[in-house]
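Here's the letter readout for the chains.
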Amino acid sequence: MIADLPPGLILILGAILVPFLPGRLRQLYLLALPVLGGLQLYGLEHGSFAQTQIFGYQLTLLRVDALSVVFGTIFLITAFLNVIYGLHQRDAVQEAAALVYSGAAIGAVFVGDLISLFVFWELTAISSVFLIWASRNERAYRAGMRYLIIQVGSGVILLAGVILHAQATGSIAFDRLGLTNLATALIFIAFGIKCAFPFLHNWMQDAYPEATVVGTVVLSAFTTKLAIYALARAFPGTEILIYIGAIMTVFPVFFAVIENDLRRVLAFSLNNQLGFMVVGIGVGTPVALNGAISHAFVHIIYKALLFMSMGAVLHRVGTVKASELGGLFRSMPLTAVFCMVGAASISAFPLFSGFVTKSLTLTGVAEAGYVITWLVLVFASAGVLEHSGIKIPYFAFFAHDSGLRCREAPANMLIAMGLAAFLCIFLGVYPEPLYAMLPYQVDYEPYTTSHVLSQLQLLFFAMLAFAVLIRTGLYPAERPSTNLNTDWIYRKALPALVRWAMTVGAAVRDGVLARGRRRLERALVQITRHHGPEGILARTVTTGNTVLWVALLLAVMLLLNFV
Amino acid sequence: MDNGLETEDTGGPKGEPHWLDRKRTGKRVFWGLIALCAGLGLADFLYRRHGIFDFEEFPLAYAIFGFVCFFGIVLSGYPLRKLVMRDEDYYDR
Amino acid sequence: MIAAHLPALQIVLPLAAAPLCLLLRRGTLAWALALAASWAALVCAALLLRQVLISGPISYELGSWAAPWGIEYRVDAVNGFVLLIVAAVGAVILPYARTSVAHELPEEQHATFYTAFLLCLTGLLGVTITGDAFNLFVFLEISSLSSYVLIALGRDRRALTAAFQYLVMGTIGATFIVIGVGLLYMATGTLNMMDLAERLPPLAGNRTVLVAFAFLTVGTGLKLALFPLHFWLPNAYAYAPSVVTGFLAATATKVSVYVLLRFFFTVFGVGYSFEVLSVGKLLIPLAAIAILVCSTVAIFQNDVKRMLAYSSIAQIGYMIMGIGFATTTGLTAGILHLFNHAMMKGGLFLALGCVFLRVGSVRLEALHGLGKRMPLTMFSFVLGGLSLVGVPLTVGFISKWYLVQAALERDDWILAVVVLVGSLLALVYVWRVVEAAYFKPAPEGAAKVEEAPLSMLIPTWVLIGASIYFGIDTSLTVGVARQAAAQLIGGAS
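Residues numbered from 1 in each chain as written. Chains lettered and ligands numbered in written order. Predicted model: local features only at pLDDT ≥ 70, side-chain atom pairs only at ≥ 80, totals over all residues. Heavy atoms only, no water.

Observations concerning the packing of aromatic side chains
Part 1 of the argument: Summed over all chains, the structure comprises 58 aromatic pairs over all chains.
Part 2 of the argument: Taking the centre distance of 5.3 Å and the plane angle of 65° together, the rings of Phe-71 of chain A and Tyr-229 of chain A count as edge-to-face. Note that Phe-71 of chain A is positioned in helix 3 (residues 66-85) and Tyr-229 of chain A in helix 9 (residues 213-234), a separation of 158 residues in sequence. The pair formed by Phe-71 of chain A and Tyr-229 of chain A is uniform in burial state, with each residue classed as buried.
Part 3 of the argument: Ring centres 6.2 Å apart and planes at 75° place the aromatic pair Phe-174 of chain A and Tyr-229 of chain A in the edge-to-face group. One end of the pair, Phe-174 of chain A, is in the loop between helix 6 (138-169) and helix 7 (182-194); the other, Tyr-229 of chain A, is in helix 9, and 55 residues separate them in sequence.
Part 4 of the argument: The exposure class assigned to Phe-174 of chain A is buried, which follows from its relative accessible area of 0%.
Part 5 of the argument: The structure contains a cluster of three or more aromatic residues connected by ring pairs, namely Phe-71, Phe-75, Tyr-101, Trp-121, Phe-174, Phe-188, Phe-191, Phe-197, Phe-222, Tyr-229 and Phe-235 of chain A.
Part 6 of the argument: The ring centre of Trp-31 of chain C lies 5.1 Å from the NZ or CZ of Arg-98 of chain C, which sits over that ring. (Phe/Tyr/Trp six-rings, centres within 6.5 Å; stacked < 30°, edge-to-face > 60°. Helix = DSSP H or I, 4+ residues; strand = E, 2+ residues; numbered from the N terminus. Buried < 20%, exposed > 50% of the residue type's maximum accessible area, 1.4 Å probe, protein only. Lys NZ or Arg CZ within 6 Å of the ring centre and 35° of its normal.)

Below is the structure:
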């Protein structure tokens, strides 16, 4: 292989061939690309390669260090799992878009300068929207459009920040920036949009549930985690991130409780999980940063697993609305088991992957002395158990029997889910390989008696609360509904405001017109009589107008200079 | 599209409900959970857990916190539904 | 031997070929001759630019009359670059013209068409190469008169009125220019530009010179469709034959921008134009308004040709803004955009010509579902559109990058934002086309549409390809633009 070929480019360039390959060959090819990328990544040495000059700035397409390798590795693993999960479909658009999108995210992780970052940043936005549009219905088209505008907007803000930063410092290096001035603030906001900071988050709940079965799985892995990587690279130890992250962990908990669409519940849950990582980055100590990064690593796997299981349900049943599901364990027992592994991992049960990483973040927060933040995070952990740990598997596979009977998920989906579930348990039982990849030396033992006992108490008493709520009938029934989110502002309030302004404007105009109409009509009659057919009239006036402008401009120039 | 969706029951043999569907399974799970929680709670009085903050070592701290939070979260759904829940076709109208 | 006469050949070859085309009468023969002449012109232009970049400006005395009295052709980095743009666009468009013209014009007008085309090319090259102010006016008239003919050839009957309006406005513009040149002659007694540049500084306070400056600015402004003198352009572009629209959009306004540059920076000098008269204060607001207003107007157009025409006025705004800054970076951005816009807008109009050939209309409704039916054509349009928006890896990005840099150098935040907002507006109107072509189903029972023939696709893709290639490898364009900018700024001080 070429020595300094960025692994992301293998996927992006490889995608070009996808539409031209026939069935079986295409499947093999799709599987081979992430493997090739992985081999390339494995062979890389630490350092900066593939550098070129443009505009007098040095672009670095390949910067290999511990941080980029961790994210590059997990992105490649997920890209591979996603290919397996999507093998049953025959849709070149989705397959190529998923490859370009994964490749762009991997490419962005390895760049060493802000301009290249911007290019890949926008590429992830543009390529990923096809995964939403591939649903091929009006609803998805409109949601995709909103998603695209916000994502591209994030890129434009990033570019503005980069230009200012380059102006101010002369450097475009993508390293620790710190939140110091307008330039870095713009970059921070651009990252924040992709990371779904509170109030900048609604695109995720809006768009992810509209994507295709495979599309949502692919989407859930890359965009937000790329933002986490960018924050960890540029803004570690920025205090405001602690508070932003804490809010991020809490508010989705409440929205997820009342949400009926289970893929949207997972989107809220994704928001909540990102909060943990953002807090870890904000604390910025080696332990907390390790926690955030390792959490991103395992989170990608179990969140993909959960989205995969809901995707399998959607594929077989045609809906993921909690109010219409229930009792599916009869038809899809394996999917149910895999879903529960994912649920146990995200809830951080001991022996599952979430446990070994979330505790790292929590320890980091506690050691740095942020008591309230710590309490908030523990509270949010109970919330995770509610919406992802219990609600998802319970309402899809158990609860009251909906009477729906279908076949088990396709074999390729089961294999993908099986591999993901295996990774969840493997990393939960044996976290050392993951710890060894982290940027800072880890001296941390998750399996102490105190720790396991505390976590089990938290989780099982919370489950007890659930059991009591169900038995007493206090647990609210799922209802088909739309829940308002901040996108209400631009989907309802703004249009209403515009309509109102237009009505008022029209009224004013009508009033003015009514007064001026008589005079206008008389003038029109005059002009029509003198100048013949309407068409010629319009054109004559236009030429005349232009000449008027010419005269005016000349006069202005002369006046300006004579006086 | 053939997605294998069927509607007739293919459950257990001869009308016998699946073992997960039986009434007593649910009961057993519930009481088993209570027993497990009791055991975990009891452990706090036999073993002194270590934590970074003092209040972590208070007996049943995590248990109470978990139970109360979960209860609160679910119940908070009621007012929140009043506040933000709309019909499913809210944006399409 | 021939090398020494390159400047003359540059003009003489297409000029001599033009009447021959008319004599040949047969369309195909006329086309072949025009093609040969345009390629010869391209070779001349390339050789000239190379020579200039290696050994500095070339001065050529026509008929061996010495400079101040005889007519001098003068080539430096600035007009060498513009010559290359014009000749290259001409050479790329002519292969395309054959099929398109055969489809859009009646057989008996073909020879006329190629004659007018070559005359227009001659005129534009002449305006660019000449170092004599009055000679410039003559060539400008040659190019203008022939372009009126070219536009009037359009099949749509409205083309006649559009051409007439353009004729009226163009004549007013030309008149202003000749008045300006005449006033300059009155004040200095010379028509040679270098000579003028030497004699004008002592006359800085002279009112005649001042009036000449105003007339020249407004006259050239009319020619280059400076907002608000642009009203002739949308109709002219919309109703002209496809080839003509592509050619004029890529060259005519660019040459006028060059004329403006030449007068401001070489003849009057940067000090007089921008410090004494502060023409920048007039140009920059007009440019900003052009970017915002015309981009917005473009959004509401349902005829894609008209949409692109309004987009052109906005894009000219970018060039004028760069020039208005009167800094090296600003000028670099302006000159760079001159080239970049020629590539992308030329390519876009050619793609539209392909659509018109197959579908017979370029209204948005006619484009429904074309993404599947004419994949190569529509994809070239998308790439060109992305370049208009200024997406990285396209030339549009490079121009805007330098323009924003130039605005920020002056700490002018508002203008930087205007440029970015212009990009967003461009995204909207480009998107409307993409939406129609890729997301709207083809109308029920629509006739089967074939992909455009290769003879038209290849030129389209050459221009679109250039607008991608020069977005990635900027060494040639940025290098020349920077050298030209330095020359213009330095030439005056």
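Moving on, there is more to tell.
Topic: the layout of surface pockets
Part 1 of the argument: Empty space within the second largest pocket amounts to approximately 1400 Å³.
Part 2 of the argument: Tyr-394, Phe-398, Ala-399 and Phe-466 of chain A together with Val-29 of chain B are the residues nearest the centre of the second largest pocket, which is lined by 45 residues in total.
Part 3 of the argument: Secondary-structure elements contributing two or more residues to the lining of the second largest pocket are helix 13 (333-346), helix 15 (371-397) and helix 18 (449-471) of chain A together with helix 1 (23-46) of chain B.
Part 4 of the argument: Counting residues per element, the lining of the second largest pocket draws most heavily on helix 1 of chain B, which supplies nine residues.
Part 5 of the argument: For the lining of the second largest pocket, the per-class residue count stands at 28 nonpolar, nine polar and eight charged. (1 Å grid on protein atoms, 1.4 Å probe; cavity = no way out; pocket = protein on both sides within 12 Å on 5 of 7 lines; lining within 4 Å. Points joined across faces, edges and corners; volume = space filled by probe spheres on them. Nonpolar A, V, L, I, M, F, W, Y, C, P; charged D, E, K, R; others polar.)

Looking at the interface of chain A and chain B
Part 1 of the argument: With 64 residues of chain A at the interface, the matching set in chain B holds 58 residues.
Part 2 of the argument: Buried surface at the junction of chain A and chain B, both sides included, amounts to about 5900 Å², of which 70% is carbon and sulfur.
Part 3 of the argument: Along the contact surface separating chain A from chain B lie zero salt bridges.
Part 4 of the argument: When contributions to the side of chain A that touches chain B are tallied by element, the ones reaching two or more residues are helix 10 (239-258), helix 12 (286-317), helix 14 (353-367), helix 15, helix 18, strand 3 (482-483) and helix 19 (488-531) of chain A.
Part 5 of the argument: Among the elements that make up the side of chain A that touches chain B, the one with the highest residue count is helix 18 of chain A (18 residues).
Part 6 of the argument: Of the residues that constitute the side of chain A that touches chain B, the class distribution is 39 nonpolar, 12 polar and 13 charged.
Part 7 of the argument: Sheet analysis places strand 3 of chain A next to strand 1 (residues 85-86) of chain B, joined by two bridges and oriented antiparallel. The partner of Asn-483 of chain A across the bridge, within strand 1 of chain B, is Met-85 of chain B. (Contact = heavy atoms within 4.5 Å. Buried area = accessible area lost by both parts, 1.4 Å probe. Salt bridge = Lys/Arg side-chain N within 4 Å of Asp/Glu carboxyl O. Pairing = 2+ DSSP bridges.)

Focus on unusual backbone geometry
Only a minority of non-glycine residues have a phi that is not negative, and only a minority of peptide bonds are not trans.
Part 1 of the argument: Omega for the peptide link from Phe-227 of chain C to Pro-228 of chain C comes to 0°, which places this bond in the cis form.
Part 2 of the argument: Tracing the chain through its elements places Pro-228 of chain C in the loop between helix 8 (207-223) and helix 9 (232-239).
Part 3 of the argument: Unlike most non-glycine residues, Phe-199 of chain A shows phi in positive territory, near 75°.
Part 4 of the argument: Tracing the chain through its elements places Phe-199 of chain A in the loop between helix 7 and helix 8 (202-207).
Part 5 of the argument: Backbone geometry at Ala-326 of chain C places phi at a positive 55°, although glycine is not the residue there.
Part 6 of the argument: Along the chain, the position of Ala-326 of chain C falls in the loop between helix 13 (304-325) and helix 14 (328-359).
Part 7 of the argument: Accessibility expressed as a relative area gives 18% for Ala-326 of chain C, which makes it buried.

A look at the domain arrangement of chain A
Part 1 of the argument: Assigned domains of chain A: these are domain 1 (1-235), domain 2 (237-486) and domain 3 (489-562).
Part 2 of the argument: Between the C-alpha centres of domain 2 of chain A and domain 3 of chain A the distance comes to 60 Å. (Domains from an automatic or database assignment.)

Observations concerning the interface of chain C and chain A
Part 1 of the argument: Facing the 38 residues of chain C at the interface are 29 residues of chain A.
Part 2 of the argument: Summed over both sides, the interface between chain C and chain A buries roughly 3400 Å², with carbon and sulfur atoms accounting for 84% of that surface.
Part 3 of the argument: Taken as a group, Phe-231, Leu-282 and Trp-401 of chain C account for 17% of the area that chain C buries against chain A, more than any other trio of residues on that side.
Part 4 of the argument: Seen at the junction of chain C and chain A, the total is zero salt bridges.
Part 5 of the argument: The interface formed by chain C and chain A includes two residue pairs in polar contact (both at pLDDT 80 or more).
Part 6 of the argument: Among the secondary structure elements, those contributing two or more residues to the side of chain C that touches chain A are helix 6 (158-188), helix 8, helix 12 (280-299), helix 17 (395-409) and helix 18 (413-439) of chain C.
Part 7 of the argument: With nine residues, the top contributor of residues to the side of chain C that touches chain A is helix 8 of chain C.
Part 8 of the argument: Among the residues making up the side of chain C that touches chain A, the classes are represented as 31 nonpolar, four polar and three charged. (Polar contact = N/O pair within 3.5 Å; in protein donor to acceptor, adjacent residues only side chain to side chain.)

Let's talk about the environment of Val-279 of chain C
Part 1 of the argument: Position of Val-279 of chain C relative to the elements: it lies in the loop between helix 11 (270-276) and helix 12.
Part 2 of the argument: Leave out the neighbours within four places in its chain, and Val-279 of chain C touches Met-557 of chain A together with Phe-213, Thr-217, Phe-264, Ser-273 and Phe-274 of chain C.

A few points about the nonpolar core
Part 1 of the argument: Core analysis: the largest hydrophobic core is formed by 431 residues, its most contacted members being Phe-191 and Leu-231 of chain A together with Phe-113, Tyr-114, Phe-265, Phe-268 and Met-321 of chain C.
Part 2 of the argument: At 20 residues, helix 12 of chain A tops the list of elements feeding residues into this core.
Part 3 of the argument: Residues contacting Phe-191 of chain A, with those up to four places away along its chain left out, are Leu-117, Trp-121, Leu-158, Phe-174, Ala-227, Ala-230, Leu-231, Ala-234 and Phe-235 of chain A. (Core = buried A, V, L, I, M, F, W, Y, C linked by side-chain atoms within 4.5 Å.)

Notes on helix 10 (residues 242-267) of chain C
All names here are of chain C.
Part 1 of the argument: Between its first and last C-alpha atoms helix 10 spans 36 Å; for 26 residues at 1.5 Å apiece the expected length is 38 Å, and the two agree.
Part 2 of the argument: At Leu-248, helix 10 shows its largest bend, some 40°.
Part 3 of the argument: Trailing helix 10 by a residue or two, Gly-269 shows a phi angle of about 90°, which is positive. (Expected span 1.5 Å × (residues − 1). Bend = angle between axes of the 7 residues up to and from the residue.)

Quick word on the pattern of salt bridges
Residue and element names in this part refer to chain A.
Part 1 of the argument: Applying the stated rule across the entire model yields 15 salt bridges over all chains.
Part 2 of the argument: Across the pair Arg-264 and Glu-210 runs a salt bridge, and its minimum N-O distance is 3.6 Å. Taken as a pair, Arg-264 in helix 11 (residues 262-283) and Glu-210 in the loop between helix 8 and helix 9 lie far apart in primary sequence, 54 residues in all.
Part 3 of the argument: Judged by relative accessible area, which is 17%, Arg-264 ranks as buried.
Part 4 of the argument: Residue Glu-210 is classed as buried on the basis of its relative accessible area, which comes to 13%.

Focus on empty space enclosed by the protein
All names here are of chain A.
Part 1 of the argument: Using the criterion set out here, one finds nine cavities of 30 Å³ or more in the structure.
Part 2 of the argument: By volume, the largest cavity amounts to about 150 Å³.
Part 3 of the argument: At the level of elements, helix 3, helix 4 (92-110) and helix 9 are the ones that each hand at least two residues to the lining of the largest cavity.
Part 4 of the argument: The biggest single contributor to the lining of the largest cavity is helix 4, with five residues.
Part 5 of the argument: Grouping the amino acids of the lining of the largest cavity by side-chain chemistry returns nine nonpolar, five polar and one charged.
Part 6 of the argument: By volume, the second largest cavity amounts to about 100 Å³.

A few points about the environment of Val-64 of chain A
Part 1 of the argument: Following the sequence through the fold, Val-64 of chain A ends up in strand 2 (residues 57-64).
Part 2 of the argument: With residues near it in sequence (within four places) discarded, Val-64 of chain A still touches Leu-44, Glu-45, His-46, Gly-47, Phe-49, Val-69 and Phe-110 of chain A.

Points about the packing of helix 5 (residues 114-133) of chain A against helix 9 of chain A
All names here are of chain A.
Part 1 of the argument: Packing of helix 5 against helix 9 brings their axes to within 10 Å, and their N-to-C directions diverge by 160°. On the basis of the axis angle, helix 5 is roughly antiparallel to helix 9. In the crossing of helix 5 with helix 9, the sense of the turn from one axis to the other is left-handed. Contact residues: helix 5 offers Trp-121, Thr-124, Ser-128, Leu-131 and Ile-132, while helix 9 offers Gly-215, Val-218, Leu-219, Leu-226, Ala-227 and Ala-230.
Part 2 of the argument: For the contact of helix 5 with helix 9, the class distribution of residues is eight nonpolar, three polar and no charged. (Axes fitted to C-alpha atoms, helices over the stretch in contact; angles between N-to-C directions. Parallel < 35°, antiparallel > 145°, perpendicular 65-115°, else oblique. Left-handed = near helix turned anticlockwise from the far one by under 90°.)

Considering the packing of helix 13 of chain C against helix 17 of chain C
Residue and element names in this part refer to chain C.
Part 1 of the argument: Packing of helix 13 against helix 17 brings their axes to within 10 Å, and their N-to-C directions diverge by 35°. Helix 13 and helix 17 meet at a crossing whose hand is left-handed. Contacts from Tyr-318, Met-321, Gly-322 and Phe-325 of helix 13 reach helix 17 at Lys-400, Leu-403, Ala-406 and Ala-407.
Part 2 of the argument: When the residues that make up the contact of helix 13 with helix 17 are grouped by side-chain class, the tally is six nonpolar, one polar and one charged.

Some words on the confidence of the model for chain A
Part 1 of the argument: Summarising the model, chain A shows a mean pLDDT of 87, and 94% of its residues fall at 70 or more.
Part 2 of the argument: Here residues 530-541 of chain A scores under 50 on pLDDT; set against residues more than four positions off or in separate chains, the count is six contacts. (pLDDT = per-residue confidence, 0-100.)

Observations concerning the state of the cysteines
Put plainly, a disulfide is one covalent bond tying together the sulfur atoms of two cysteines.
Part 1 of the argument: For the structure on display, the rule yields zero disulfides over all chains.
Part 2 of the argument: We note that Cys-44 of chain C lacks a disulfide partner, and the nearest cysteine sulfur, in Cys-21 of chain C, lies 17 Å from it. (Disulfide = S-S within 2.5 Å.)

Points about a nonpolar patch on the surface
Part 1 of the argument: Judged by side-chain polarity, Trp-488, Ile-489, Leu-494, Leu-497, Trp-500, Val-504, Val-508 and Val-512 of chain A come together as a nonpolar surface patch covering roughly 790 Å² of accessible area.
Part 2 of the argument: Note that Trp-500 of chain A resides in helix 19. (Patch = residues over 30% accessible without salt bridge, like charges linked within 9 Å, V, L, I, M, F, W, Y side chains within 5 Å. Areas by Shrake-Rupley, 256 points an atom, 1.4 Å probe, with all protein chains shown as cover.)

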